[in-house]
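Letter by letter, the chains look like this.
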Amino acid sequence: MSNGSALADALGRLDVLVGRWAVEPGGTFEGTPEGTATIEWALDHRFLVWWASIPDRRFPESIAVISINSDGHTYRQHYFDSNGNARIYKMSLEADAWTLLRDEPDFTPLEFSQRFVARIDRGGETITGAWESRGPEGGWQKDFDLVYRKLPPEE
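Residues numbered from 1 in each chain as written. Predicted model: local features only at pLDDT ≥ 70, side-chain atom pairs only at ≥ 80, totals over all residues. Heavy atoms only, no water.

Take the overall build of the chain next. Tallying secondary structure elements over the chain gives 1 helix and 10 strands in all. Its helices and strands taken in sequence order, the chain reads α-β-β-β-β-β-β-β-β-β-β from the N to the C terminus. In summary, the chain has a C-alpha radius of gyration of 16 Å against a globular reference of 15 Å for 155 residues, a match within 12%. Projected onto its principal axes, the C-alpha coordinates of the chain cover approximately 45 × 40 × 30 Å. Nonlocal contacts in the chain, meaning residues at least 24 apart in sequence, comprise 31% of its contacts between residues at least 6 apart. Positive and negative side-chain charges of the chain, numbering 16 and 25 respectively, have mean locations separated by a distance of 3 Å. (Helix = DSSP H or I, 4+ residues; strand = E, 2+ residues; numbered from the N terminus. Rg over C-alpha atoms; globule rule 2.2 N^0.38 Å. Contact = heavy atoms within 4.5 Å. Lys, Arg positive; Asp, Glu negative; His and termini not counted. Charge placed at Lys NZ, Arg CZ, Asp CG, Glu CD.)

Across 6 bridges, strand β1 (residues 19-25) lies against strand β10 (residues 140-151) in antiparallel orientation. Within β10, the residue paired with V23 across the bridge is Y148. Both strand β9 (residues 126-134) and β10 contribute to a ladder of 9 bridges, which runs antiparallel. The residue of β10 that forms the bridge with S133 is Q141. Connecting β9 to the next strand, β10, in antiparallel fashion are 5 residues, including G138 with a positive phi near 95°. (Pairing = 2+ DSSP bridges.)

So, about unusual backbone geometry. Phi is positive for L43, which is not a glycine, with a value near 50°. By secondary structure assignment, the location of L43 is in the loop between β2 (35-42) and β3 (47-53). With a phi close to 65°, H45 is a non-glycine residue in the positive phi region. One can find H45 in the loop between β2 and β3.

Another aspect to go through is the confidence of the model for the chain. One rule of thumb: low pLDDT means the predicted coordinates there are not for detailed reading. Per-residue confidence for the chain gives a mean pLDDT of 91, with 97% of residues at or over 70. Taken element by element, the predicted model of the chain shows its lowest mean pLDDT in helix α1 (residues 3-13) (80) and its highest in strand β4 (residues 62-68) (97). (pLDDT = per-residue confidence, 0-100.)

With that out of the way, let us pick up the nonpolar core. As a rule of thumb, soluble globular proteins bury nonpolar side chains together. Ranked by internal contacts, the top residues of the largest apolar core, which has 33 residues, are L14, L17, W50, M91, W98 and Y148. Apart from the residues lying within four places of it in its own chain, the contact partners of L14 are W41, L48, I66, Y75, M91 and L93. (Core = buried A, V, L, I, M, F, W, Y, C linked by side-chain atoms within 4.5 Å. Buried < 20%, exposed > 50% of the residue type's maximum accessible area, 1.4 Å probe, protein only.)

Spelled out as structure tokens, the structure:
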């Protein structure tokens, strides 16, 4: 496979994330008002830009930029939020599995490791996942659930 076709394949896998989404927190945040996320292509179809907002002060507004790593198969997400956090997540997206992982220091010290593990339904209309943090014994512990439901395009 040529480098150009690997890049095209990696970019094509991101299409499933593009759109407007209703964001439903769950678990410990059950009953929190639904938020929204918009994920769209930027800079000649080379990056995804993601804006998210949930109308609850426990969830900061955020923006993220997703790019492809030099290996042509994995990604990274540069994340920024209204609390002043700036983080870099390793990201994988294969078939119906989407994972974000932060387990190394980046812009800020690593106070805790965290990951988002999600499944994308067959039609790409629902993403069901959970944020987790590494516990004191080294295992992953669920922090809260998040469900993304694709909304119709705005007219």
